[in-house]
Amino acid sequence: MKNLLIIFSCLMALSCSSQKNEDPKLIGKWEGMLKDLETTNTMGKIVLEFTKDGKFIQYVGEGKMQNSLESTYTVKDHKIIAVDKATNEKDETDYEIKNDTLTIVYQGIENKYVKLK
């Protein structure tokens with residue numbers, strides 16, 4: 001559970017209130033698998049949603065077990081900067097978009113997400 005919280009914190013850090021430096025290709029929902037930071041084993045499904053107005057929402061799990069975490073985000077120099085709404089914790093991660101695949105590298109762990117239509 002501790003590792004799961006670390007991953008959530010990492011992803012939350014992908015936010016910031018104003019969307020001055022936006023990347024229109026990032027807007028939308030992206031689906032991938034949540035990875036444990038220590039073992040890099042997959043732990044379940046995750047959907048990342050980036051909105052035009054700077055909201056960053058993570059949907060973790062499925063059905064009744066799904067949780068959502070809200071943040072804000074900005075983009076600068078191929079980095080997503082996120083601020084957790086609940087804790088104000090700020091984090092940043094490198095990202096790249098090729099075709100319909102979003103690649104995020106956080107603490108040396110690469111995660112790939114596919115854009116949902």
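This structure is a prediction, so every number in the text was calculated from the model and none was measured.

> Which residues make up the nonpolar core, and what are the values?
Among the nonpolar cores identified, the biggest contains 18 residues, and Leu26, Trp30, Leu48, Phe50, Tyr73, Tyr95 and Leu102 are the most heavily contacted of them. Every element with two or more residues in this core is listed here: strand S1 (28-35), strand S2 (42-50), strand S3 (55-60), strand S4 (67-76), strand S5 (79-84), strand S6 (90-98) and strand S7 (101-106). Among the elements that make up this core, the one with the highest residue count is S2 (3 residues).

> Describe the packing of aromatic side chains, with residues and values.
A full pass over the atoms with the stated rule returns 2 aromatic pairs. For the ring pair Phe50 and Phe56, a centre distance of 4.7 Å and an interplane angle of 20° mean the geometry is stacked. An identical accessibility class is assigned to Phe50 and Phe56; each is buried. Ring pairs connect the aromatic residues Phe50, Phe56 and Tyr73, which therefore count as one cluster.

> Please provide a residue-by-residue account of the pattern of salt bridges, values included.
Pairing is possible between side chains that carry opposite charge, provided their charged atoms lie close to one another. Using the criterion set out here, one finds 7 salt bridges in the structure. Between Glu70 and Lys85 there is a salt bridge, and its shortest N-O distance comes to 3.5 Å. Linking Glu70 in strand S4 with Lys85 in the loop between S5 and S6, this pair joins segments that are 15 residues apart in sequence. The class for Glu70 is partly exposed, based on a relative accessible area of 38%.

> Residues and numbers for the side chain of Asp91, please.
Mapped onto the secondary structure, Asp91 falls in strand S6. Buried charge without a salt bridge: Asp91, with Lys79 as the nearest opposite-charge side chain at an N-O distance of 9.5 Å. Looking at Asp91, its side chain comes within polar contact range of the side chain of Tyr106, at 2.4 Å.

About the cut-offs
Residues numbered from 1 in each chain as written. Predicted model: local features only at pLDDT ≥ 70, side-chain atom pairs only at ≥ 80, totals over all residues. Heavy atoms only, no water. Core = buried A, V, L, I, M, F, W, Y, C linked by side-chain atoms within 4.5 Å. Buried < 20%, exposed > 50% of the residue type's maximum accessible area, 1.4 Å probe, protein only. Helix = DSSP H or I, 4+ residues; strand = E, 2+ residues; numbered from the N terminus. Phe/Tyr/Trp six-rings, centres within 6.5 Å; stacked < 30°, edge-to-face > 60°. Salt bridge = Lys/Arg side-chain N within 4 Å of Asp/Glu carboxyl O. Lys, Arg positive; Asp, Glu negative; His and termini not counted. Polar contact = N/O pair within 3.5 Å; in protein donor to acceptor, adjacent residues only side chain to side chain.

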